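Remarks on the overall topology
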Amino acid sequence: MPETVVTAPSSASPLPPPAAPARAPKWLWWLLGVVALLLGAALVVQHYLDPWLRRQLEKQVSAQTHGQYSLQIGALETSLWQRAVRLRNVRLRPAAQVADTLPRLRLDAARLNVTGVGLLALLRKAVVPVDSIVLDSAAIQVLALARRPTRNAGKPLHEQLPLKLKGLEIGYLGLLHTQVAYLPGTPEAARLRRTDLSAHDLLISPAGAADTQRLAYATAWRLQLQEAQGLAQGHRLQLKGLLVATADQEIQLDSVEVQPGNNVPGNLPRVSLMMPRLRLTGLNAARLLHQHTFRADSLLLQAPRLTVVPPAKKAAGGAGFGTFARRLDLAHLVVHQGFLQVKDDALRSVIRTIELAGTAIRVDSGTVPNAGRVLFAKAWTLGLGRSNATVAGHAVQVGGLKLSTSAGTLALRAVRVRPPGPGQGTPGAVRIDLTLPTLALRGFDAAEVQRRRRLRASALLLEDVRLIFTPPKQTPPPVWKLLSKAVQRTDLAELRIRRGFLQIGGLRHSPEINDIDLTGRGIRIDSLAALEPRRIAYARAWKASSGLISAPFDPPYYRASSQRARLDTDAQTFRFENMALVPKYSPVGMNLHKGYQVPAVRVKIPSLTFSGLEFAGLVRRADVRVARVTVQRPEVRIASDGRGPINPNRSKISPEEMRNLPMTVDVRRLDIVSGTLATKYRSPLTPLPGTLSINRFTGSFFNLSNDPKRQTPATPLTGRATTYLQNRCRLDAQVSMYTLDPLGRHRVWGTFGAGQFNILNSMTVPTRLVEFKKGDVHRIRFDMQASRRGTTGTMWAEYSGLQLRLLGYKDEEIKKPLLKRVISKAVNVIVIRDQNPRKRGELVTGKMISTREPRFSVFTLWRQGVVSGLFDNVGVPQALAQKLSESKDEAPLPK
């Protein structure tokens, strides 16, 4: 279909003419022109600014240092749009001669970038903001320090800013990939292979210096070192890594090593240290700087190995803790797998596997340490592994140690102390040989030890201890004085020793004690306790028991022993069981070793008991004061040989010797129950020994004392005993003795019961070749007075049918030769009276007269008196009877 064409009506208005194009305002063209002009000026300035600024910086450095330093910049690039300056290949060099007011150093840096500089603030010389300053890949060498620093050298950094700026506000400061060499005086003083130092939000201004939340103007610092080494005080320091991060409050050192050199000052110790790691966390560095308070959460020392050689001479002084900080607060201190060695002439020690932990450590240089703390800490735990030391020439080894101040416990194990070898150590000094498997101290207050120098503990236990102790030649000071160097007073509720062994050497009678079980209660050690009469060896009470006790007696001739011993100071009892005295040599050997006649005495005592023993006097003064001593079934066997000269020494077994004892002996009562004395004697006449025994000896003796207050002429030693001669003839005897009489005067009297004379033949036949052929004893009474001069007295012997027979010895046999039989007949008829009373009914007495030989014991004197009285009683003339009683055998020593 064809389109329909529509036309407008004739009455419509005509269309307007087209509009003319709009024109820009003139001010816009002027603005664009100014911008273009400024941009062109900027490009021109940018083109000429970099060389000019580089030259100005180089000239400024030379001018400020008066030509002592020259600065060389390889390239300088500025960016006004970025407000940045970038330098490349920066070199700072000193002149050949630098003034002593300036340090001498060298600097090579690959890049130095300064960005975000506040130009307007810079022009106004206000606090200039800077986004970042980064020095990258620099090498710094400090060749020498200023010997005479200028007055401005001590001013703070914000007062030394260039262009009189009021301050700098730096968002980030970085010193990256930097090598540092500090070389004053030596080419190896200090070297850092790589250093990375960064700081955030630095405000170098008075406000930044006064801000206590900042550290050296910055809110955070981070320092990281790698492969660092240095030299100080003659020691070389090396470490693999160091990290200091104030934002993380952390310091960490890796692979630290310190080694002494050849030029360590004589007043300083030589230190060798190797430590894989040290880590400090929670450190508030700003507080340390501004308030001098060191506060941290934890300090860990991982496997440190420290060796110290003390200085040859004592240092005049040194920096104390207060030099660095007024206060230290450390929540935790840990030393793991430590090692310490001290090399000194007086003390050489090695301590291995140190495990140390301390909690809540607080040190304040301005106040007294807290009373509840130990070495400034709330609690310490210490563990040591195998360690050794040399103290006073003794080698000391410790298998392990554990200490806990909070629990109040200390434990030692495997302690070994070895004395110096022959020819080593100080002559005459104490020597200790100790083996101590276990020591445990419980319930002690370490804080009180520190605060009051008083050690108080509930128990000290030693098990299986073995001690060989040789006391010094000079008497050592008392125990309280020895301990006073460490503590002024020691209070120990209980001391226990289990299964101990003790040997005291260096003495003439050095005892050995086995299987010691010892318990002490209420122990107090100080100067007052030593004088307190109620205490015994510083304790309220002791209980002890032991196994075998042995000691040389008159060494090397005898050894004394006791199989068991019991002690109780509360009960005042001391008991020995199965005691023995054993000779080392036979009677012949005794004579040969001594060079004169000495008997070999063998003693056995099943039980010896002290009751009512005053232990305090025994310990303090070695005084023996005891209410009662009981000796059960003692057996004494004396074997002697009459060949050899008589002992030239004065006998110690005599009453007057009580006056010469170095201690007081006061025995109220001595009981001997069922004792036996057996003698065996070999005379020069025949090799056949004679024997004689005294059996069933039971007696009591009173006031055996050398105390003048108790021993007086009116109250002498008295005693009564009953025994049996050859176990057949009863003897009742009494004694009265004033032991302090210088003349040794005393009285012995008694009665022999019925018996036969032939019971004496076992002794008289082989030793005197005299036989009692027959004769009966009805009764013998005697009353003898003895002194240092001899004996006097009277004997009443009632007997009948007495006949003697004289014998001979030939061809190793005792015979009855004809001549002896004739003489025997004559003696029996002419000399010997066969009965008493005589046939007329007269009871004849005998005189007990004999001279004292001071080389013989008082028992020999009593025997001489009895023999002289008996011989005189049976008819032997008194002078001959006395001579016969005093006869003594002397012959050449046996070969």
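Definitions and limits used
- Residues numbered from 1 in each chain as written.
- Predicted model: local features only at pLDDT ≥ 70, side-chain atom pairs only at ≥ 80, totals over all residues.
- Heavy atoms only, no water.
- Helix = DSSP H or I, 4+ residues; strand = E, 2+ residues; numbered from the N terminus.
- Rg over C-alpha atoms; globule rule 2.2 N^0.38 Å.
- Buried < 20%, exposed > 50% of the residue type's maximum accessible area, 1.4 Å probe, protein only.
- Contact = heavy atoms within 4.5 Å.
- Areas by Shrake-Rupley, 256 points an atom, 1.4 Å probe, with all protein chains shown as cover.
- Lys, Arg positive; Asp, Glu negative; His and termini not counted.
- Charge placed at Lys NZ, Arg CZ, Asp CG, Glu CD.
- Salt bridge = Lys/Arg side-chain N within 4 Å of Asp/Glu carboxyl O.
- Patch = residues over 30% accessible without salt bridge, like charges linked within 9 Å, V, L, I, M, F, W, Y side chains within 5 Å.
- Axes fitted to C-alpha atoms, helices over the stretch in contact; angles between N-to-C directions.
- Left-handed = near helix turned anticlockwise from the far one by under 90°.
- Nonpolar A, V, L, I, M, F, W, Y, C, P; charged D, E, K, R; others polar.
- Phe/Tyr/Trp six-rings, centres within 6.5 Å; stacked < 30°, edge-to-face > 60°.
- Lys NZ or Arg CZ within 6 Å of the ring centre and 35° of its normal.
- pLDDT = per-residue confidence, 0-100.
- Arc of directions from axis to C-beta.
- Pairing = 2+ DSSP bridges.

**Brief notes about the overall build of the protein chain**
Along its length, the protein chain carries 12 helices and 43 strands. In terms of overall size, the protein chain is more extended than a compact globule, its C-alpha atoms giving a radius of gyration of 53 Å where 895 residues would be expected to give roughly 29 Å. Within the protein chain, buried positions represent 39% of all 895 residues. Considering only residue pairs separated by 6 or more positions, the protein chain has 61% of its internal contacts joining residues 24 or more positions apart. Of the roughly 50,300 Å² of accessible surface on the protein chain, a fraction of 59% belongs to carbon and sulfur atoms. Across the protein chain, the 126 positively charged side chains and the 66 negatively charged ones have centroids separated by 3 Å.

**Side note on the side chain of Glu657**
Note that Glu657 resides in the loop between β31 (635–641) and β32 (665–682). For Glu657, which is buried and forms no salt bridge, the nearest opposite charge comes from Arg650, at a distance of 4.3 Å.

**What about unusual backbone geometry?**
Most peptide bonds are trans, and most residues other than glycine sit at a negative phi. That bond from Pro555 to Pro556 is cis: its omega, 5 degrees, falls within 30 degrees of zero. Counting through the fold element by element, Pro556 comes out in the loop between β26 (549–553) and β27 (558–568). Cis geometry marks the peptide bond from Asn836 to Pro837, where omega comes out at 10 degrees. With respect to the secondary-structure elements, Pro837 resides in the loop between α10 (818–831) and β42 (845–847). Positive phi values are uncommon outside glycine, yet Phe376 reaches one of about 70 degrees.

**Things to note about helix α9 (residues 761–768)**
Counting buried residues in α9 gives 6 out of 8 residues, a clear majority hidden from the surface. Of all the positions in α9, only Asn761, Met763, Thr764, Val765, Pro766 and Thr767 are classed as buried. Where α9 is buried, its residues meet β32, β33 (690–705), β38 (770–786) and β41 (813–815). Just past α9, the residue Leu769 takes up positive phi, approximately 55 degrees.

**Looking at a positive patch on the surface**
Where like charges cluster on the molecular surface, the positive patch consists of Lys773, Lys774, Lys816, Arg821 and Lys825. Breaking the positive patch down by element, the ones donating at least two residues are β38 and α10. As for its position among the elements, Lys825 is in helix α10.

**Points about the packing of helix α11 (residues 858–873) against helix α12 (residues 878–885)**
Packed helix pairs are specified by the crossing angle of their axes together with the interaxial distance, meaning the distance between the axes. In the contact formed by α11 and α12, the axes pass within 8 Å of each other and the chain directions differ by 145 degrees. As α11 runs across α12, the sense of the crossing is right-handed. Facing Gln864, Val867, Ser868, Phe871 and Asp872 of α11, the residues of α12 in contact are Gln878, Ala881, Gln882, Leu884 and Ser885. Grouping the constituent residues of the contact of α11 with α12 by class yields 4 nonpolar, 5 polar and 1 charged.

**What about the pattern of salt bridges?**
Under the defined criterion, the tally for this structure stands at 48 salt bridges. Salt-bridge contacts for Arg540 lead to Glu532; the nearest nitrogen and oxygen are separated by 3.1 Å. Overall, the relative accessible area of 38% leaves Arg540 in the partly exposed class. On the basis of relative accessibility, which here comes to 14%, the residue Glu532 falls in the buried class. Of the charged contacts, one joins Arg840 and Glu842 as a salt bridge, the two residues approaching to 3.6 Å between their closest N and O atoms. Here the residues in one salt-bridge network are Arg625, Asp666, Arg668, Asp707 and Arg710, joined through shared partners.

**Structural notes on the packing of aromatic side chains**
Across all of its chains, the model carries 10 aromatic pairs by this definition. Look at Phe574 and Phe576: their rings are 4.6 Å apart centre to centre, the planes differ by 35 degrees, and that puts the pair in the tilted class. Each member of the pair, Phe574 as well as Phe576, carries the same accessibility label: buried. Geometrically, the ring pair formed by Phe576 and Phe610 is edge-to-face, given 6.5 Å between the ring centres and 80 degrees between the ring planes. Of this pair, Phe576 sits in strand β28 (residues 573–583) while Phe610 sits in strand β29 (residues 600–611); the two residues are 34 residues apart in sequence, bridging distant segments of the chain. When the ring centre of Trp796 is taken as reference, the NZ or CZ atom of Arg781 above it lies at 4.5 Å.

**Considerations on the environment of Leu143**
With respect to the helices and strands, Leu143 occurs in strand β4 (residues 127–144). In this structure Leu143 comes out as partly exposed when scored by relative accessible area, which is 26%.

**Thoughts on the confidence of the model for the protein chain**
Per-residue pLDDT for the protein chain has a mean of 88; in total, 92% of the residues score no lower than 70. A low-confidence stretch, residues 1–15 stays under pLDDT 50, and its non-local contacts, those more than four residues away or across chains, total 0 contacts.

**Regarding α12**
Within α12, burial applies to Ala881, Gln882 and Ser885. Projected down its long axis, α12 carries its buried residues within an arc of 100 degrees, all on one side. With respect to the buried face of α12, the exposed residues turned more than 90 degrees away are Ala879 and Lys883. For α12, the elements touching its buried residues are β43 (850–851) and α11.

**Things to note about the environment of Leu242**
Position of Leu242 relative to the elements: it lies in strand β8 (residues 235–245). Leu242 sits in the buried class, given a relative accessible area of 15%. Along the backbone, Leu242 and Glu227 are 15 residues apart, and their C-alpha atoms lie at a distance of 8.9 Å. Apart from the residues within four sequence positions on either side, Leu242 is in contact with Leu223, Gln224, Leu225, Ile251, Gln252 and Leu253.

**Concerning the pairing of strand β19 (residues 431–442)**
Sheet topology places strand β18 (residues 409–418) next to β19; 8 bridges connect them, and they run antiparallel. Along β19, the bridge assignment pairs Val417 with Leu434. As paired strands, β19 and strand β21 (residues 459–463) are joined by 5 bridges and run antiparallel to one another. Note on β21: the bridge partner recorded for Thr438 is Glu463.

**Focus: the environment of Gln259**
Here Gln259 lies in strand β9 (residues 250–260). It is 8.9 Å that separates the C-alpha atoms of Gln259 and Gly234, two residues lying 25 residues apart in sequence. Setting aside chain neighbours within four positions, we find Gln259 in contact with Gly234, His235, Arg236, Val271, Ser272 and Met274.

**Let's talk about the side chain of Glu448**
Within the element layout of this structure, Glu448 appears in helix α5 (residues 446–452). Look past the residues within four positions of Glu448 in its chain and what remains in contact with it is Arg453, Arg454 and Arg456.

**Some thoughts on the pairing of β8**
Summarising the sheet, strand β7 (residues 218–232) and β8 pair through 10 bridges and their orientation is antiparallel. Paired with Leu225 across the two strands is Leu242, which belongs to β8. The loop that links β7 with its antiparallel partner β8 comprises 2 residues; one of these, Gln233, has a positive phi angle of about 50 degrees. Taken together, the 10 bridges between β8 and β9 define a ladder with antiparallel strand orientation. Directly across from Gly241, in β9, lies its bridge partner Asp254.

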